[in-house]
Amino acid sequence: RGGPATSWSAATFFGGLPYRRCGDRRAALQRAMGLRFDETMTGTWRDASSAEHPIRFTAQVYAGSWRRFLGDGLAELTGTIEAPPLTARAALVGTIEIRPIRGRRIRYDFAFAADDGRRCTFSGQKDLRWRDLEASWTTLPAELRGPEGVIGRCAMTFDLRGEWRRFLASMRWR
């Protein structure tokens with residue numbers, strides 16, 4: 001699909017965002033990665049008028065070095081997001097921070113272009129609770145932002161029963 005939603009490159013679009021140690025290095029990471037997995041999250045988002053819309057993202061996670069990943073918990077995130085009417089489908093690029101022990105959180109931050117060309121971001125965090133593992137590891141509250149500020153709030157989940165096999169099968173360790 002052409003037009004404003006795909007007219008930017010991931011490196012240019014991502015370069016202006018405040019993420020650490022990231023860029024458009026997907027090919028290099030695939031050759032020398034320490035960890036790779038795929039994840040799909042689905043749910044709903046509410047816009048300013050409280051209208052509810054579906055949302056889904058499928059992301060590939062890449063951590064190039066086990067040593068660095070164990071130190072800072074950061075990995076790159078690429079994939080697609082569907083969040084009508086904001087975007088029917090758009091490429092996403094960003095980071096995921098996985099800190100289950102030291103920080104007890106999994107943080108998602110990524111950027112994408114809305115169908116009208118606006119630069120948008122998604123930010124969410126799973127707050128991990130050892131007494132409620134299933135819910136805290138599968139529930140992701142998040143926020144969608146655009147140039148004008150908050151666009152909407154999201155309630156997303158990882159479908160543990162339906163996705164766990166695909167999730168585990170996607171894991172690659174080096």
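No experiment lies behind these values; they were computed from the predicted model shown.

Participant: Before we go on, may I ask you to explain the overall build of the chain in this structure?
Facilitator: Per the secondary structure count, the chain includes five helices and nine strands. Listing the helices and strands of the chain from first to last along the sequence gives α-α-β-β-α-β-β-β-β-α-β-β-α-β. The buried share of the chain, taken over its 174 residues, is 45%. Once local pairs closer than 6 in sequence are excluded, the contacts in the chain between residues at least 24 apart make up 52%. In the form shown here, the chain has an accessible surface area of approximately 9,100 Å², with 53% of it arising from carbon and sulfur atoms.

Participant: In this structure, what is going on with the packing of aromatic side chains? I would like to understand it.
Facilitator: By convention here, two paired aromatic rings are described through the distance between centres and the angle between planes. Scanning the model with the defined rule gives six aromatic pairs in all. Centre to centre, the rings of Phe-110 and Phe-122 are 4.5 Å apart; their planes meet at 5°, and the pair counts as stacked. Pair noted here: Phe-110 is in strand S5 (residues 105-113) and Phe-122 is in strand S6 (residues 119-127), with a separation of 12 residues, a long-range link.

Participant: How should I be thinking about unusual backbone geometry in this particular structure?
Facilitator: Trans peptide bonds make up the majority, and among non-glycine residues the majority have a negative phi. A cis amide bond, omega 0°, links Pro-84 with the succeeding residue Pro-85. With respect to the secondary-structure elements, Pro-85 resides in the loop between strand S3 (74-83) and strand S4 (87-99). With a phi angle near 70°, Ser-50 is a residue other than glycine that sits in the positive phi range. Along the chain, Ser-50 turns up in the loop between strand S1 (35-47) and strand S2 (52-63).

Participant: Sorry if this is basic, but what is going on with the side chain of Thr-58 here?
Facilitator: If you trace the backbone, Thr-58 turns up in strand S2. Within the structure, the side chain of Thr-58 is placed 3.3 Å from the side chain of Thr-40, a separation counted as a polar contact. Setting aside residues up to four positions removed in sequence, Thr-58 forms contacts with Glu-39, Thr-40, Thr-78, Gly-79, Thr-80 and Leu-92.

Conventions we followed
- Residues numbered from 1 in each chain as written.
- Predicted model: local features only at pLDDT ≥ 70, side-chain atom pairs only at ≥ 80, totals over all residues.
- Heavy atoms only, no water.
- Helix = DSSP H or I, 4+ residues; strand = E, 2+ residues; numbered from the N terminus.
- Buried < 20%, exposed > 50% of the residue type's maximum accessible area, 1.4 Å probe, protein only.
- Contact = heavy atoms within 4.5 Å.
- Areas by Shrake-Rupley, 256 points an atom, 1.4 Å probe, with all protein chains shown as cover.
- Phe/Tyr/Trp six-rings, centres within 6.5 Å; stacked < 30°, edge-to-face > 60°.
- Polar contact = N/O pair within 3.5 Å; in protein donor to acceptor, adjacent residues only side chain to side chain.

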